[in-house]
Amino acid sequence: MKTITVYVADIIQPVDNIKIFKLISKNYDNLPRFSPGSNIFLKINLDGCVNYKAYSLINDPWDTGAYEIAVLRRDDSHGGSSFMHNLIQAGSVLETTYPRNNFPINKLARKHILIAGGIGVTPFITYVRYLVRYQLDFEMHYAFKLMSNTLFHNQFIDIIKNYYYYCSNDGKRMMVEDILKDQPLGAHVYVCGPKSLIEKVISVAEYLNWPRAHLHYELFDSGQNGNHFAFELKNSNIAGSVPKDVTLLEALENLGVDIPYGCRSGACGLCATRVISGDIEHRDCYLSDDEKKEGNIILPCVSRGHDKITLDL
Ligand code: FES
């Protein structure tokens, strides 16, 4: 995979549990342009295993001098979060992929409804920059737990006319049905955050007969922090195991097995792989409920096996 070498030019900590890293090209060149909603994958070496962690770009897409990402500290993390928070300092050198966008703004939409949960707000930071700049019709809904740990909340108050926020510690809940009903024809909804929020928005939108093509989501589930399980590749006589902090996709890549991928977050379906035997713990938002029940396909970027699975590879 083609990567760019960058170094960490600056780190700021706007709130207690989030750090923002500013990445600059090692050669001080401009970095490749990106569109709102894009992310990069940072190559992270954890205990000898190469992992790729996805981070949304949050800086102005018109600024190609640097990339900025926001990383949430997860107290239970032994992966990318603790690596970035504990080991990366100003001056550290990292490898990043080129930006890619699996969560673009639909240019034909007549209105944009943005729904964010927690750190799932990050792709919307570039959305907001774009939508405000071009004075497009949009509203933003942002659910979070603690007012003191929110990212960009104050900026949103300043620049977004139709901004609604829901702080669960203050007892304010987001009512998805109220948001989606009575929207004009041609509106598109975008949701990013925990799986439960995405599933809720999808089910309400389906109930209200929203066209599927008007629903867009990006999942923030890394597929890590699961059980340890074993795998076998039927056609190539390769076997291995997946530690609890590694995804199946990463474990396969570490053995040199090339699997196509896009989002690495269970949303695009590009990494879909046939399963010959074994039970799957599905964590994606791509397969239908029926496909999940059939148990013949796994999305190895997020989903995991129980005990042992055999793949058609
Ligand atoms: S890479 Fe997109 S679903 Fe796995």
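What counts, and where the lines are drawn
Residues numbered from 1 in each chain as written. Predicted model: local features only at pLDDT ≥ 70, side-chain atom pairs only at ≥ 80, totals over all residues. Helix = DSSP H or I, 4+ residues; strand = E, 2+ residues; numbered from the N terminus. Rg over C-alpha atoms; globule rule 2.2 N^0.38 Å. Buried ≥ 20, exposed ≤ 12 C-beta atoms within 10 Å, placed from the backbone. Arc of directions from axis to C-beta. Contact = placed C-beta atoms within 7 Å. Pairing = 2+ DSSP bridges. Axes fitted to C-alpha atoms, helices over the stretch in contact; angles between N-to-C directions. Right-handed = clockwise from strand over helix to strand, strands pointing away. Expected span 1.5 Å × (residues − 1). Core = buried A, V, L, I, M, F, W, Y, C linked by C-beta atoms within 7 Å. Domains from an automatic or database assignment. Nonpolar A, V, L, I, M, F, W, Y, C, P; charged D, E, K, R; others polar.

**A closer look at the overall build of the protein chain**
The number of helices and strands found in the protein chain is seven helices and 18 strands. Against the 2.2 N^0.38 benchmark of 20 Å for 313 residues, the protein chain shows a C-alpha radius of gyration of 20 Å, consistent with a compact globule. Structurally, the protein chain occupies a C-alpha span of about 60 × 50 × 35 Å along its principal axes. Counting across all 313 residues of the protein chain, residues that qualify as buried make up 38%.

**What to know about helix H1 (residues 80-87)**
Spacing of three or four residues puts side chains on the same side of an α-helix, whose turn is 3.6 residues. Among all positions in H1, only Gly80, Ser81 and Met84 are buried. Projection of H1 onto a plane perpendicular to its axis shows the buried side chains occupying an angular sector of 105°, all on one side. Turned more than 90 degrees off the buried face of H1, the exposed positions are Asn86 and Leu87. On its buried face, H1 sits against strand S2 (18-25), strand S3 (39-46), strand S4 (49-56) and strand S5 (67-72).

**Structural notes on unusual backbone geometry**
Peptide bonds are mostly trans, and most non-glycine residues show a negative phi. One non-glycine residue with positive phi stands out, namely Asn237, at about 55°. Locating Asn237 in the fold gives a position in the loop between strand S12 (229-233) and strand S13 (238-242). For Asn237, a count of 7 C-beta atoms within 10 Å puts it in the exposed group. With a phi close to 60°, Asp307 is a non-glycine residue in the positive phi region. Inspection of the secondary structure puts Asp307 in the loop between strand S17 (304-305) and strand S18 (308-311).

**Describing the sheet that holds strand S1 (residues 3-15)**
Strand order in the open sheet made by the six strands is S4-S3-S6-S1-S2-S5, with antiparallel pairing throughout. Of all strands in the sheet, those with a lone pairing partner are S4 and S5, marking the two edges. Across the sheet, the mean angle separating the axes of adjacent strands is 40° when strand polarity is ignored. Of the pairings in the sheet, the one linking S2 to S5 comprises six bridges and is antiparallel in character. If you follow Phe21 over to S5, its bridge partner there is Ile69. Against the sheet, H1 touches S2, S3, S4 and S5, its axis set at about 110° to S5.

**Here we look at the sheet that holds strand S9 (residues 163-167)**
Ordered by their spatial adjacency, five strands build an open sheet running S9-S8-S7-S10-S11, and the pairing between neighbours is parallel. Looking along the sheet, the strands with just one partner apiece sit at the ends: S9 and strand S11 (215-219). Strand-to-strand, the axes of this sheet are offset by a mean angle of 10°, without reference to chain direction. As defined by bridge partners, strand S10 (residues 187-193) adjoins S11 across five bridges and the pair is classed as parallel. Across the sheet, residue Val189 finds its bridge partner in S11, namely Leu215. On top of the sheet, helix H2 (residues 122-133) reaches strand S7 (111-117), strand S8 (138-144), S10 and S11; it is set at about 155° to S7, its chief contact.

**Overview of the pairing of S7**
Of all seven residues that make up S7, six are buried, and the element is covered over most of its length. Here S7 pairs with S10 via six bridges, running parallel. Looking across to S10, one finds that Lys111 is bridged to Ala187. Following the chain from S7 across H2 to the adjacent parallel S8, one finds a crossover that is right-handed.

**So, helix H5 (residues 195-207)**
An ideal rise of 1.5 Å per residue puts 18 Å on 13 residues; H5 measures up with 18 Å between its terminal C-alpha atoms. Among the residues of H5, Leu197, Ile198, Val201 and Ala205 are the ones counted as buried. The arc that holds every buried residue of H5, seen down its axis, measures 100°, which confines them to one face. In H5, the exposed positions angled more than 90 degrees off the buried face are occupied by Ser196, Ser203, Glu206 and Tyr207. Each element contacted by the buried residues of H5 is listed here: S7, helix H4 (176-180), S10 and S11.

**What to know about the nonpolar core**
Counting 72 residues, the largest nonpolar core has Ile69, Leu114, Ile115, Val121, Phe124, Val191 and Val201 as the members making the most contacts within it. Setting aside chain neighbours within four positions, we find Val191 in contact with Ile115, Leu197, Ile198, Val201 and Tyr217.

**Quick word on the domain arrangement of the protein chain**
Domain boundaries assigned for the protein chain yield domain 1 (3-97), domain 2 (111-219) and domain 3 (229-311). Put simply, the middle of domain 1 and the middle of domain 2, counted by C-alpha atoms, are 24 Å apart. The interface is formed by 14 residues belonging to domain 1 together with 12 residues belonging to domain 2. Classifying every residue of the side of domain 1 that touches domain 2 gives nine nonpolar, three polar and two charged.

**Section: the pairing of S4**
Within S4, six of the eight residues are buried, leaving the element largely enclosed by the surrounding structure. Of the strand pairs in this sheet, S3 and S4 are connected by eight bridges, and their pairing is antiparallel. Bridge pairing links Ile44 to Asn51 in S4. The turn linking S3 back onto S4 is made up of two residues, and Asp47 within it adopts a positive phi angle of 50°.

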